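A look at the structure
Listed below, chain by chain, are the residues.
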Amino acid sequence: MEKKKIINKEVVNELFKEGKLRDVKDVQNLLKEQFKDIINEMLQAEMDEHLGYTKYDYKNKNTDNSRNGNRTKKVKSDYGELEVEIPRDRFSEHDPIVVRKNQRDVSGIEDQVLGMYSMGMSTRDIQSHLNNIYGIEVSPSLISQITDRIMPIIKEWQVRPLKKMYVHLVMDAMHYKVRQDGKIVNKAVYIIIGTDIDGMKEILGMWIGEQESSKFWLKVLTDIQSRGVEEILIASIDGLNGFKEAIKTVFKEAKVQRCIVHMIRNSTKYLSYKDRKKFINDLKPVYKAINEETALEALDLLEEKWGEKYYIAIKSWRDNWEEIAVMFEYPEEIRRLIYTTNSIESFNRQLRKVTKTKSVFPNDDSLMKILYLSMINITKKWTQRIRNWAGILGQLTIIFEDRISKYL
């Protein structure tokens, strides 16, 4: 089967230029082909399950039965009539479940399996649901094989070309337990949300690695550079040691802003409960100052009042001031965009709602499948530009004139 390109903005633009996308009908035909490919892949996964070995994997063949070509069948779907390939076996023992022998309508099958998986349902939960609603008996291993068929789509998404310039990156990592070599280990999922020159957000990628480190972030940044990113204006990060240096190694001119919310949380760790509210109120004039000079004056006053009792809480602001003060270089609208990593924390919270029922993932692919499918659901809502983007872009164009003009 010919490998299809994943449908994204770049592919759509390419097809449009080639004259293959002229109207809504062409779009429907494109989606129809993608859906047909997934149904065919699911049917092949069923045959793998039935025979106990994958195509051409004769070393693991423990049956006299074998594949015996395919037959075509026309079925109705959400995208109109499709012609799918039903695999046959030599002994005619295989009874397809995805498209039953007398079934002529497959509307919603993709949504039923992948949709339930994307909501965090286990393979056994999906098995029970399909049985209760449709009377279909499927094994958990078959459902796993069906969801495995999206891995090529995920891998293609992971290496897709990116835009040449991003105005703003927000970078963070989530942590999960995964089985590896018979042991349960902690893994970090590295995530980047980028805001492009049109004010639209997108997930640049998700990478699974060992515990979060600046060394792996360097690998991640090198990866997005190799996929076409030439320029980053501002990056917002947490307080991981070496994070700024990793960014500067790949994107030398990028400005790096330390997340103020993370700084406040870090400070509260050193406060007694009875002083917390007063301290935070006294801290506000520091990060809400109109300029850096005023902010430093407020920090001096904070230290005069609380320095003797909470020296360490204030010291972290002094030590990281270079990255904290970046926001004072910009007008209020840009400050609101860069001073916190809230956008990615909101995204991460939505991922956790889906993954919270799974204490341990059997492998990296299992983790990536559910994160990818959840990401698709979440980002469907990202259809609007950042608020007041025209004004923000105008300010950025003045501040970064030489770096931004060639991408406009």
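Residues numbered from 1 in each chain as written. Predicted model: local features only at pLDDT ≥ 70, side-chain atom pairs only at ≥ 80, totals over all residues. Heavy atoms only, no water.

**Here's the deal with helix 6 (residues 151–158)**
Among the residues of helix 6, those classed as buried are Met151, Ile154 and Trp157. Each buried residue of helix 6 lies within a common arc of 120° when the element is viewed along its axis, so the set occupies one face. (Buried < 20%, exposed > 50% of the residue type's maximum accessible area, 1.4 Å probe, protein only. Helix = DSSP H or I, 4+ residues; strand = E, 2+ residues; numbered from the N terminus. Arc of directions from axis to C-beta.)

**Details of the pairing of strand 5 (residues 201–209)**
Within strand 5, eight of the nine residues are buried, which leaves it mostly tucked inside the rest of the structure. When strand 4 (residues 183–196) meets strand 5, the two strands line up antiparallel, connected through eight bridges. When the sheet's bridge partners are listed, Tyr190 is paired in strand 5 with Trp207. (Pairing = 2+ DSSP bridges.)

**Some details on unusual backbone geometry**
Residues other than glycine seldom take positive phi values, yet Ser92 does so here, at roughly 55°. In this fold, Ser92 is placed in the loop between strand 2 (80–89) and helix 3 (109–118). Using a relative accessible area of 60% as the deciding quantity, one classes Ser92 as exposed. For Asp181, which is not glycine, the phi dihedral falls at a positive 55°. Mapped onto the fold, Asp181 is located in the loop between strand 3 (165–180) and strand 4. Relative accessible area serves as the criterion here: at 74%, Asp181 is assigned to the exposed category.

**So, a nonpolar patch on the surface**
Side chains of Tyr270, Tyr311 and Ile312 sit close together on the surface and give an oily, nonpolar patch of about 320 Å² of accessible area. Positionally, Ile312 belongs in helix 12 (residues 311–319). (Patch = residues over 30% accessible without salt bridge, like charges linked within 9 Å, V, L, I, M, F, W, Y side chains within 5 Å. Areas by Shrake-Rupley, 256 points an atom, 1.4 Å probe, with all protein chains shown as cover. Salt bridge = Lys/Arg side-chain N within 4 Å of Asp/Glu carboxyl O.)

**Details of the sheet that holds strand 5**
Across a sheet, strands are paired by hydrogen bonds formed along the backbone, either parallel or antiparallel in direction. Judged by pairing direction, the sheet is mixed, and its five strands sit side by side in the order 5-4-3-6-7 without closing on themselves. Two strands in the sheet have a free side with no partner beyond their single neighbour: strand 5 and strand 7 (255–258). Taken pair by pair, the neighbouring strands of this sheet meet at an average axis angle of 25°, ignoring direction. Strand direction decides the pairing type here: strand 6 (residues 231–237) and strand 7, joined by four bridges, are parallel. Pairing of Ala235 across the sheet is with Val256, part of strand 7. Sitting on the sheet, helix 8 (residues 243–250) is in contact with strand 3, strand 6 and strand 7, with an inclination near 175° to strand 6. (Axes fitted to C-alpha atoms, helices over the stretch in contact; angles between N-to-C directions. Contact = heavy atoms within 4.5 Å.)

**Regarding the packing of aromatic side chains**
Counted by the stated rule, this structure contains 12 aromatic pairs. Between Tyr190 and Phe216, the aromatic rings sit 4.4 Å apart at their centres with planes inclined by 25°, giving stacked as the arrangement. Of this pair, Tyr190 sits in strand 4 while Phe216 sits in helix 7 (residues 214–226); the two residues are 26 residues apart in sequence, bridging distant segments of the chain. Using a relative accessible area of 17% as the deciding quantity, one classes Phe216 as buried. Three or more aromatic residues joined by ring pairs form one cluster here, namely Tyr190, Phe216, Trp217 and Phe243. We note Arg67 situated over the ring of Tyr53; from NZ or CZ to the ring centre the distance is 5.1 Å. Its guanidinium or amino end placed over the ring of Trp382, Lys201 lies 4.4 Å from that ring's centre, counting from NZ or CZ. (Phe/Tyr/Trp six-rings, centres within 6.5 Å; stacked < 30°, edge-to-face > 60°. Lys NZ or Arg CZ within 6 Å of the ring centre and 35° of its normal.)

**Details of the nonpolar core**
Ranked by internal contacts, the top residues of the largest apolar core, which has 40 residues, are Phe279, Leu283, Trp317, Trp321, Leu396 and Ile404. If you tally residues by element for this core, the top one is helix 11 (residues 292–306), at five residues. Each residue touching Trp317, except ones within four places of it in the same chain, is listed here: Ile260, Met263, Ile264, Ser267, Leu283, Val286, Tyr287, Leu299 and Ile324. By size, the runner-up hydrophobic cluster in this structure holds 32 residues, among which are Met174, Val189, Ile344 and Met375. (Core = buried A, V, L, I, M, F, W, Y, C linked by side-chain atoms within 4.5 Å.)

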